[in-house]
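Residue-level structural notes
Listed below, chain by chain, are the residues.
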Amino acid sequence: MADAGTGTHEPISGGCLCKAVKYSIAFPQGHWPPKKNNICHCTQCRKATGALMAHIFTVTPSQITWTCEDRSFREYSSSTGVFRGFCQTCGSTLSWRNTKTPAEIDIFSGTLDEDVLIGGDGETGRKILMTDRQFWCENLVPGVTDGAKSRFMYKTNAEGGVLREVA
Ligand SMILES: [Zn+2]
Ligand SMILES: [Zn+2]
C-alpha cells in the first residue's frame, strides 16, 4: 500500500459482456495504482452482479473514457444518490457512484479485460486486485466468502466500524 497512487501506468481497458459498453482508464502521474481496492459483500452488490462478492476499485471520473453503442450504458439508482452503471443489452454491472463523493467512481474489477487482469507478468492485475478493505462483512457466508485477504474488514460500510485489521 505504501506506493498507492504515486506512479503512472499505461491505460487499461474493460467493458461489458456484449462489448456494447467499453471503457479505458488512464493513470496520469500520481494515480497508479488505484488508491482503493475493495471487496463488497452487501446484498445490493450481490443482487446487481449475481456474485456472492464484488471486487471494485476506485478512480476519478476524469480518468475514464467511456465508449458506448446504442446508448447501452444506463444507470440504476439503488439508493438515494447512488447510481449503478450497467449495460442494458447484456446486463453487466460496470460502475458504482455516489453523488456525495463526485470525485470518485468505483469500477467492478470483473469487467476489466482479461489481459489486464491476468496478462503479462500479472503485476497490473495484482496491483488492481490487491484488496485493502472489505465492506459489509456482517454478510459473510462462513466457510464460503470469508476467505478473501484484505487489511481492513468493516462490519457494514466504511462508517460501520472496523471489524478487524490485519497487519
Ligand atoms: Zn453489454
Ligand atoms: Zn456493495
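Worth saying up front: this structure is predicted, and the values here are computed from it rather than measured.

**Overview of the sheet that holds strand β7 (residues 82-87)**
The strand order across the open sheet formed by 9 strands is β6-β7-β8-β9-β4-β3-β10-β11-β12, and the pairing between neighbours is mixed. Strands at the two margins of the open sheet, each flanked by one partner only, are β6 (73-79) and β12 (162-165). Averaged over all neighbouring strand pairs, the angle between strand axes comes to 25°, with direction disregarded. Pairing of β7 with strand β8 (residues 93-98), which is carried by 5 bridges, proceeds in the antiparallel orientation. When the sheet's bridge partners are listed, Gly-85 is paired in β8 with Ser-95.

**What to know about the pairing of strand β1 (residues 7-15)**
Across 6 bridges, β1 lies against strand β2 (residues 21-32) in antiparallel orientation. Looking at the pairing, Ile-12 lines up with Ile-25 of β2. Counting the residues in the hairpin turn of β1 and β2 gives 5 residues, including Lys-19, whose phi is positive at 75°.

Here is what the cut-offs are and how they apply
Residues numbered from 1 in each chain as written. Chains lettered and ligands numbered in written order. Predicted model: local features only at pLDDT ≥ 70, side-chain atom pairs only at ≥ 80, totals over all residues. Pairing = 2+ DSSP bridges. Helix = DSSP H or I, 4+ residues; strand = E, 2+ residues; numbered from the N terminus. Axes fitted to C-alpha atoms, helices over the stretch in contact; angles between N-to-C directions.

This is a description of form; function is not addressed.
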